[in-house]
Amino acid sequence: MTITHRPVLLEQVVAALVAPSFKARRATQSMPAPGTVDGVFVDATFGRGGHSRALLSYLSPHARLFVLDKDPAAIQVAQQLQQDDPRVVAIHCGFEHLYDSLDAHGVEAIDGMMMDLGVSSPQLDEAERGFSFTRNGPLDMRMNNSTGQTAAQWLAQASINDMKEVIHHYGEERHAFQIAKAIATRRQSSPLQTTHDLAQLVSSIVPTRPQAHHPATRTFQAIRIYINRELEALQAALPLALQLLRPGGRLAVISFHSLEDRIVKRFIATGARPEAAYAHLPLTEEQLPRPWLNSLGRVLPAQEEIAANPRARSAVLRVAERTSRPLTEGWRNEWQEVAAYYEHAGQPYARRRGR
Ligand SMILES: C[S@@+](CC[C@H](N)C(=O)[O-])C[C@H]1O[C@@H](n2cnc3c(N)ncnc32)[C@H](O)[C@@H]1O
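So, here's what we can say about the structure. (Residues numbered from 1 in each chain as written. Predicted model: local features only at pLDDT ≥ 70, side-chain atom pairs only at ≥ 80, totals over all residues.)

Side note on the overall build of the chain
The helix and strand inventory of the chain stands at 14 helices and seven strands. Here the C-alpha radius of gyration of the chain, 21 Å, is about what a compact globule of 355 residues would show, namely 20 Å. Based on the C-alpha atoms only, the size of the chain along its principal axes is roughly 65 × 55 × 40 Å. Looking at the chain as a whole, 44% of its 355 residues are labelled buried. Taking as baseline every contact in the chain between residues at least 6 positions apart, the subset at least 24 positions apart corresponds to 67%. (Helix = DSSP H or I, 4+ residues; strand = E, 2+ residues; numbered from the N terminus. Rg over C-alpha atoms; globule rule 2.2 N^0.38 Å. Buried ≥ 20, exposed ≤ 12 C-beta atoms within 10 Å, placed from the backbone. Contact = placed C-beta atoms within 7 Å.)

Re the pairing of strand β5 (residues 245-255)
If a strand is regular, its side chains alternate between the two faces of the sheet. Of all 11 residues in β5, eight are buried, a share of seventy percent or more. Pairing analysis gives six bridges linking strand β4 (residues 110-116) to β5, with the strands arranged parallel. Considered in β5, the bridge of D116 is made with I254. Both β5 and strand β7 (residues 316-322) contribute to a ladder of six bridges, which runs antiparallel. Within β7, the position partnered with L251 by the bridge is A320. (Pairing = 2+ DSSP bridges.)

Examining the pairing of strand β3 (residues 88-92)
Examined bridge by bridge, strand β2 (residues 64-69) and β3 share five bridges and lie parallel to one another. Bridging from a neighbouring strand, L65 pairs with V88 of β3. Each parallel crossover has a hand, and the one from β2 via helix α3 (residues 72-84) to β3 is right-handed. (Right-handed = clockwise from strand over helix to strand, strands pointing away.)

Points about the packing of helix α7 (residues 160-171) against helix α10 (residues 217-227)
α10 packs onto α7 with a crossing angle of 105° between their chain directions and a minimal axis gap of 8 Å. By the angle between their axes, α7 is roughly perpendicular relative to α10. Each of V166, I167, Y170 and G171 in α7 lies in contact with α10, whose residues at this interface are R218, T219, Q221, A222, I223, I225 and Y226. Class assignment for the residues of the contact of α7 with α10 results in seven nonpolar, three polar and one charged. (Axes fitted to C-alpha atoms, helices over the stretch in contact; angles between N-to-C directions. Parallel < 35°, antiparallel > 145°, perpendicular 65-115°, else oblique. Nonpolar A, V, L, I, M, F, W, Y, C, P; charged D, E, K, R; others polar.)

What about the site of the ligand?
Taken together, 21 residues surround the ligand, and among them P7, T45, G47, G50 and D71 come closest. When residues of the shell around the ligand are traced back to their parent elements, those giving at least two are α2 (50-56) and β2. For the shell around the ligand, the per-class residue count stands at six nonpolar, nine polar and six charged. (Near = placed C-beta within 6 Å.)

Regarding the nonpolar core
General note: in soluble globular proteins, nonpolar side chains tend to be found buried as a group. The biggest cluster of nonpolar side chains holds 71 residues, and the ones touching the most others in it are I254 and L317. In contact with L317, not counting residues within four places along its chain, are L9, Q12, V13, A16, A252, I254, R298 and V299. Residues L139, M141, Y170 and A216 belong to the second largest nonpolar core, which totals 29 residues. (Core = buried A, V, L, I, M, F, W, Y, C linked by C-beta atoms within 7 Å.)

Spelled out as structure tokens, the structure:
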């Protein structure tokens, strides 16, 4: 059986990259003719290539699409696509290495990049990948299952405090401490080896409520995020995209939980409203920093999409466009200063200068 992945917010992501004037709030975008868009594009999370294929239908024969994924199974599919379509280049790497991996292909600037974060349906649905609490398999959870520590290996030796922190922080799980303690007790007699071992243990601690998610949902999410260093990779990749995007180039990111979305939201706020960080200084309009990015808004899936594809339920697409402000020497320091402001401001778009 071939397990496929149903892409989320498909038309909206493609429009975000190629529509001449994209605005999230517009219900329909005016699209270019198929096969006419030139430039260099990146799909940083290829998966099974749903978004890539839709984008390719708009790209001209001269355009190029670099597709990345850290999952060897996803890259196998991407390599097949590369054989069938000379515009495609498949790269097996994490998007946190985006800059160096494109540099190795002689690419210094791009016209658009999309990221569709999290796990793909094949990863969830193939029991042996160990991501799913409903399908019994080895407790693995690595997106790149050719290297690194599995979830079982980590749970076999992590301290109670480390497990509690991960489950609490990345899973927003109220019972994190009890779960961590139960894992430590259980592994003294027999280590957790399968997804069902972990799911059953968590279910014995977290109360099941009718209509609610499976009690192990948050714990599985947390361990997966930790094992794959998902938030660190996202934090690292976004500034690399900024460095690569040409003026007018667009970034479109779909996230699936609040921790990811917060990172994307703050990144765009930092790029789009740097002046807010200096509102307390007596500076004239001309002395205030100009934006590196323009925010083009946020798109949520329609009810029909959620009904047809429950994975879309928690999806949020954010889109930003690179301005013409160059990245001069010292831009990183200034960026960090503004980012620190937004880290504390909390609600980036709610704040207005002088209020
Ligand atoms: C939601 S799926 C993408 C689905 C894809 N848009 C499609 O239409 O088929 C997310 C993919 O991102 C990959 N991924 C997650 N973190 C990554 C990272 N740091 N670098 C590269 N790929 C990553 C996963 O392996 C997975 O294949």
